[in-house]
Amino acid sequence: MLRIDVALSDAGGMVNEDAVGHFGDAAWVIDGATGVGSALLDAPSDAAWLAQTANRLIAEALADDPERSTIEMLRDVMTRCAAALADAQVRAADGAHELPSAAFAMVRLRGDVAEITALADCRVAAVDETGDARLFGTYALDAVESRTLAAVKAIREEEPDIDAEALKRRLLPGLSANRHLKNRDGGYWVLGAEPAAADHVWQASVPLRPGQRFAIASDGFLRLVELFGTATPADLLTIATPEEGAAWLAQLRDLERQPDSLRRHNRVKRHDDASLITCSWDPIC
């Protein structure tokens with residue numbers, strides 16, 4: 001069995017749009033994408049609703065058929081998410097770009113390998129076949145979001161004291177254009193209400209060895225590695241207790257709060273939801 005050592009999810013704002021889950025030999029993180037238009041649902045946020053709904057459905061799907069392939073499982077989960085959304089929404093979407101979506105990453109033990117699956121910008125830290133710790137996942141969304149980050153930098157240079165709401169209004173046309181690229185060739189693929197995305201997941205397998213560790217994280221927690229540069233993938237793999245996870249989270253929030261943080265480390269949100277699962281495999285378990 002996969003042993004779960006740490007499972008944490010911390011809201012960056014009023015609503016946590018992340019979710020973490022595990023069942024049997026699988027563990028995962030879901031990061032709902034904050035909406036850029038009016039809500040479809042009577043919920044704290046469409047993204048939070050999707051993250052929690054998909055989290056529950058993934059656990060149910062694994063319980064119903066532990067041997068089913070991950071792609072088939074995700075296709076079924078997204079089909080069920082689409083049906084649940086149709087039942088719950090209070091207005092019709094103006095297009096697929098308005099449907100709630102999420103990044104996703106999973107580690108699943110399959111025979112003598114650990115299968116890593118990812119959509120968008122959740123990633124998995126693991127040791128590769130050369131013995132080096134690195135992040136596994138897809139970077140297609142990063143290429144799309146680079147345009148947003150360039151716009152953020154230009155706006156803040158022009159107006160250093162701009163507040164979060166005004167910044168979002170300035171960015172909205174570009175953010176909306178990015179959402180039109182989701183679940184399209186040449187764009188990026190996400191977890192959500194479009195089952196065809198299951199055929200476009202990023203996957204890799206690493207051989208299992210006793211004591212092997214994995215760290216699955218949302219992009220908010222990965223700021224420690226990818227934005228602030230104060231942690232490495234190897235550091236994530238050392239997080240073995242809730243107290244250690246909380247210490248890294250506290251460091252993340254301290255870095256985000258620093259007065260010059262937005263100038264020195266370019267991003268849209270000062271704080272983001274941050275989620276992490278660390279786990280390990282021992283053949284004796």
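So, a few notes on the structure that sits alongside this text. As the structure is a computational prediction, the values presented were derived from the model and not from experiment.

What counts and how
- Residues numbered from 1 in each chain as written.
- Predicted model: local features only at pLDDT ≥ 70, side-chain atom pairs only at ≥ 80, totals over all residues.
- Heavy atoms only, no water.
- Pairing = 2+ DSSP bridges.
- Helix = DSSP H or I, 4+ residues; strand = E, 2+ residues; numbered from the N terminus.
- Axes fitted to C-alpha atoms, helices over the stretch in contact; angles between N-to-C directions.
- Contact = heavy atoms within 4.5 Å.
- Patch = residues over 30% accessible without salt bridge, like charges linked within 9 Å, V, L, I, M, F, W, Y side chains within 5 Å.
- Areas by Shrake-Rupley, 256 points an atom, 1.4 Å probe, with all protein chains shown as cover.
- Salt bridge = Lys/Arg side-chain N within 4 Å of Asp/Glu carboxyl O.
- Lys, Arg positive; Asp, Glu negative; His and termini not counted.
- Charge placed at Lys NZ, Arg CZ, Asp CG, Glu CD.
- Core = buried A, V, L, I, M, F, W, Y, C linked by side-chain atoms within 4.5 Å.
- Buried < 20%, exposed > 50% of the residue type's maximum accessible area, 1.4 Å probe, protein only.
- Expected span 1.5 Å × (residues − 1).
- Bend = angle between axes of the 7 residues up to and from the residue.

### A short note on the sheet that holds strand S11 (residues 274-281)
Taking strand neighbours across the sheet as the criterion, the 5 strands line up as S1-S11-S10-S6-S7 in an open arrangement whose pairing is antiparallel. Here the strands that pair on one side only, and so sit at the sheet edges, are strand S1 (2-10) and strand S7 (133-136). Taken pair by pair, the neighbouring strands of this sheet meet at an average axis angle of 15°, ignoring direction. Both strand S6 (residues 123-127) and strand S10 (residues 212-217) contribute to a ladder of 3 bridges, which runs antiparallel. The residue of S10 that forms the bridge with Ala-125 is Ala-215. In this fold helix H7 (residues 242-257) packs onto S1 and S11, with an angle of close to 30° to the strand it touches most, S1.

### Notes on a negative patch on the surface
A cluster of acidic residues, Asp-64, Asp-65, Glu-67 and Glu-72, forms a negative patch at the surface. If you trace the backbone, Asp-65 turns up in the loop between helix H1 (46-64) and helix H2 (70-88).

### Thoughts on the nonpolar core
In terms of nonpolar packing, the biggest core is built from 31 residues, with Ile-30, Ile-58, Phe-104 and Leu-191 touching the most fellow members. Among the secondary structure elements, those contributing two or more residues to this core are strand S3 (26-32), H1, H2 and strand S4 (101-110). Examining the composition of this core, we find that 8 residues originate from one element, H1, more than from any other. Apart from residues no more than four positions distant in its own chain, Leu-191 is found in contact with Ile-30, Leu-50, Ala-54, Leu-74, Met-78, Pro-100, Ser-101, Ala-102, Phe-104 and Leu-119. Formed by 26 residues, the second largest nonpolar core is a distinct cluster that contains Ala-105, Tyr-188, Ile-277 and Trp-281.

### Focus: helix H3 (residues 140-158)
In this model, H3 (19 residues) spans 29 Å end to end at C-alpha, consistent with the 27 Å of a helix rising 1.5 Å per residue. A bend of about 30° at Ser-146 is the largest found in H3. Those residues of H3 lying buried are Leu-141, Val-144, Thr-148, Val-152, Ile-155 and Arg-156. Residues of H3 that are buried sit in contact with helix H4 (164-179) and helix H8 (261-264).

### Looking at the environment of Leu-8
Locating Leu-8 in the fold gives a position in strand S1. A residue is classified by how much of its surface remains accessible, and Leu-8, at 13% relative accessible area, is buried. It is 7.8 Å that separates the C-alpha atoms of Leu-8 and Pro-242, two residues lying 234 residues apart in sequence.

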